[in-house]
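Examining the three-dimensional arrangement
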Amino acid sequence: MSVPHLDPRLLRAFVTVAEELHFTRAAVRLYVAQQALSRDVRRLERDLGAELFVRTTRQVTLTADGERLLPYARRVLAAQDELLAAFGQARPLFLDLNSPGLATGHRVLRRARELAPEHEIMARFESGLTGAATELLAGRLDASFGRYAGLDPALRAGLDHQPVRYEPMAIALPEAHRLAALPEVPLAALAGETVYAGAGNPRTPEWTDLAHRLFAGRGIAVAPPAPLAVGVEEFERLMAKTGHPVLAVVGFPPLPRTVVRPLVDPVPLSPVSLVWRKGLAHPALDTVRRAAAELAAEEGWLRRPENGWIPAIDVSVNSVQD
C-alpha cells in the first residue's frame, strides 16, 4: 500500500479551518479563494481517507478524525516553520504593542531589532491583551504584551508568557481637577472619585479587573461603561464631558489639558508579560524574549518596591512561571 505525500499547504488549510470553524474566515486568513480552500480540504480528506469536517449550511465542526489530526498537523507545521527559519526563510513575526503610546512594548521591539536586524518583526496595535489573545490563538498575531493573569483561564490554557515589567500606575486628571496640582497622588486621596478604567470594553477586561482589585475597600468607584473613544480627540472629548480621572501607567502619553500623576501609598503596579501562543517556534520570538529579559535586568523592571502593590493572583501566576 502506497503512503500518500501530504502537502504542508493542505495541512495549513485544514488547521486554519479547524481554528476558525468557518471557511470564509479561513480563506481570508490564508489570502485564498474560498473555492480553492474547500478544494484543498477535500484533497486532504481524499489523501487520508477520512472525513475531517461536518459541514452544514449553519456551521462547520470537526469530526473525530479531524480532532485526532489537529495536534499532528500543528506539530508538522511548527516543524516546517522551524526548518525554514534555520535557513533564513522565516516569515515576519507579528508583535502586538497594544497602543502606539505605551513605552514597554516599543522599547522591547527596538532592542529586539538591534539584537537581530536580520529578523523582520512587524508591529501591530490590538488595544488590550484579551482582544489580542483571540488573535494569538487564531494565528493572526504571534506575540503581545499585557496582564496575563487577567485573562480568562480558557485563554491562558493556549498561551505561554514571560514576565517583563511591573509598571508603576498613574492617574490622568483634567487640569482643573482638585488633585492636579499634586506631584503624586496618594490612593487615599481618590476616595469618593469615580475613575475610568475601560469598563465595558471587550478588548481590555483584564485592565478593568485590575482597577476593581486596586480600588476595593478604598472608596473609589470604577466608572460605568462609556462609548469606546477611538483616537486622542475623542478620548479628550469624552474625558472632558465626564470629568472622570483615568487610570493609567507612568509614561502614559500626554493629552491636551490633562496631567498624569504617579499613584503612591501604596505604589500600584501593572504586571506586564510578553505573551505568545503555545508551541510557537520562531527565531524572532527568541530574540524578542531575549530583548525583554535584557531590559528587565538592566532597568530593574521586575523589582517590586517595598510599598508596591499587585494582585495576589498575579503574584501566584508569575511565581508558577518562574
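Everything here concerns the structure above.
Note that the structure is a prediction, hence the values are computed from the model and not measured.

Turning our eyes to something else, we now look at unusual backbone geometry. Most peptide bonds adopt trans geometry, and most residues besides glycine take a negative phi value. A cis amide bond links Asp265 with the next residue in sequence, Pro266, at an omega value of 0°. Unusually for a residue other than glycine, Leu21 sits at a positive phi of about 50°. Relative to the helices and strands, Leu21 is located in the loop between helix H1 (8–20) and helix H2 (23–30). Given a relative accessible area of 36%, Leu21 falls into the partly exposed group. Phi at Arg257 is positive, roughly 60°, even though this residue is not glycine.

Bringing a positive patch on the surface into the picture now. A surface patch of positive charge is lined by Arg39, Arg42, Arg43 and Arg46. Here Arg43 is to be found in helix H3 (residues 34–48).

Judged by nonpolar contacts, the single largest core of 23 residues is most densely connected at Leu190, Phe215, Leu247 and Leu263. Mapped onto this core, the elements with two or more residues apiece are strand E6 (159–174), helix H8 (205–215), strand E10 (246–249) and strand E11 (258–264). No other element matches the five residues that H8 contributes to this core. Leu109, Val164, Val272 and Val288 belong to the second-largest nonpolar core, a separate cluster that totals 22 residues.

About the thresholds
- Residues numbered from 1 in each chain as written.
- Predicted model: local features only at pLDDT ≥ 70, side-chain atom pairs only at ≥ 80, totals over all residues.
- Heavy atoms only, no water.
- Helix = DSSP H or I, 4+ residues; strand = E, 2+ residues; numbered from the N terminus.
- Buried < 20%, exposed > 50% of the residue type's maximum accessible area, 1.4 Å probe, protein only.
- Patch = residues over 30% accessible without salt bridge, like charges linked within 9 Å, V, L, I, M, F, W, Y side chains within 5 Å.
- Areas by Shrake-Rupley, 256 points an atom, 1.4 Å probe, with all protein chains shown as cover.
- Salt bridge = Lys/Arg side-chain N within 4 Å of Asp/Glu carboxyl O.
- Lys, Arg positive; Asp, Glu negative; His and termini not counted.
- Charge placed at Lys NZ, Arg CZ, Asp CG, Glu CD.
- Core = buried A, V, L, I, M, F, W, Y, C linked by side-chain atoms within 4.5 Å.

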